[in-house]
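Given next are the chains, with one letter for each unit.
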Amino acid sequence: MLKVAALVGSIRKDSYNHKLAEFMKDRYKEELDIRITPIHLLPHYNPDTEQEPPEAVQHFKAQLSDVDAFLIVTAEYNHSIPGVLKNALDWLSRGNKEMEGKPTFIAGASMGALGTVRAQMHLRQIMNAPGMGARVIPGNEILIGQVQHKVDEKGYIADEKTIEFMDGVVEQFTMFVGKEKIER
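Model, not experiment: these values are computed from the prediction.

Cut-offs used in this document
In this convention, every chain numbers its residues from 1, walking through the sequence in written order. Only residues with pLDDT of at least 70 get local features here, since the model is predicted, and only at 80 or more are side-chain atom pairs given and counted; chain-wide, interface and lining totals rely on the full set of residues. Excluding hydrogens and water, the side-chain values take into account all heavy atoms of the structure. Secondary structure is summarised from DSSP: a helix means a run of H or I of at least four residues, a strand means a run of E of at least two, and numbering begins at the N terminus for each. One less than the residue count of a helix, multiplied by 1.5 Å, gives the span that helix is expected to have. Throughout, exposure labels follow a simple rule: accessible area from a 1.4 Å probe, protein chains only, divided by the maximum for the residue type, with under 20% read as buried, over 50% as exposed, and the rest as partly exposed. It is the directions from the helix axis to the C-beta atoms whose arc is reported. For this analysis, a polar contact is any N or O atom pair within 3.5 Å, provided that within protein one partner can donate a hydrogen and the other can accept it, and provided that sequence-adjacent residues contribute only side-chain to side-chain pairs. Each nonpolar core is a collection of buried residues, namely Ala, Val, Leu, Ile, Met, Phe, Trp, Tyr and Cys, held together in the definition by side-chain atoms within 4.5 Å. Basic side-chain nitrogens of Lys or Arg form a salt bridge, by our definition, when they fall within 4 Å of a carboxyl oxygen of Asp or Glu.

Caption draft 1: A look at helix α1 (residues 16–27). The end-to-end C-alpha separation of α1 is 16 Å, in line with the 16 Å expected for 12 residues at 1.5 Å each. For α1, every residue scored as buried is listed here: Asn17, Leu20, Ala21, Phe23 and Met24. Seen end-on, α1 carries its buried residues on one side only, within an arc spanning 160°. One side-chain oxygen of the residue at the start of α1 lies 3.1 Å from the amide nitrogen of Asn17, identifying that residue as Ser15.

Caption draft 2: Region of interest: the nonpolar core. Of all hydrophobic cores here, the largest spans 29 residues; its most connected members are Leu20, Met24, Leu71, Phe105, Ile157 and Met166. Only β1 (2–8), α1, β2 (32–36), β3 (69–73), β4 (103–109), β5 (135–144) and α5 (160–183) provide two or more residues apiece to this core. With 6 residues, α5 is the largest single contributor of residues to this core. Ranked by size, the runner-up nonpolar core spans 26 residues in total, among them Ile39, Leu64, Leu89 and Ala119.

Caption draft 3: Quick look at unusual backbone geometry. A positive phi angle is found at Asn78, which is not glycine, with a value near 50°. By the element assignment, Asn78 lies in the loop between β3 and α3 (83–92). Although it is not a glycine, Lys97 adopts a positive phi angle of roughly 50°. By secondary structure assignment, the location of Lys97 is in the loop between α3 and β4.

Caption draft 4: Spotlight on the pattern of salt bridges. In this structure the tally under the stated criterion is 10 salt bridges. The shortest N-O distance in the salt bridge between Asp26 and Lys29 comes to 3.3 Å. In this structure Lys29 comes out as partly exposed when scored by relative accessible area, which is 47%. Of the charged contacts in the structure, one is a salt bridge between Asp167 and Arg27, with a shortest N-O distance of 2.8 Å. You can see Asp167 sitting in helix α5 and its partner Arg27 sitting in helix α1, a full 140 residues away along the chain. In this structure, a network of salt bridges that share partners links the residues Lys3, Asp33, Arg35 and Asp66.

Structure, rendered in structure tokens:
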């Protein structure tokens, strides 16, 4: 079973994106061991401390040392990713570079029609940066627009077409990861 670290870019109490990560953790528990790794307590990235990062950063990075892959679930703020997510990614691009070479897939939900498409495009640019080097499958993302109409009373995805689409993305991702393991 694949160990997947999930980084959720929204820290709002009733975040649709956090609920999306929880839904995915439960729905795909037979294929993926998704661990939602908190990012809200990380101090701001500071190059002056990257060689000896604060304890919170060391703990965060230690939680990611044995994962096989990453899931990034992002909200969209001002056509980009939330600052708290960018901060976490900046820390991960230094030192051991925990994401380098790791299969990564992206998801996001928004109340607007575009479903975090701009944030995800920007996130893909970040994933390609030196130091990040995450292996993101082209065109394999979960974009959920108008999420408020696709959830149940707990905030979990209930729309059958959306779930069917998500199943296909996760299947492609697990096949991609499996193929990579064989090729190594």
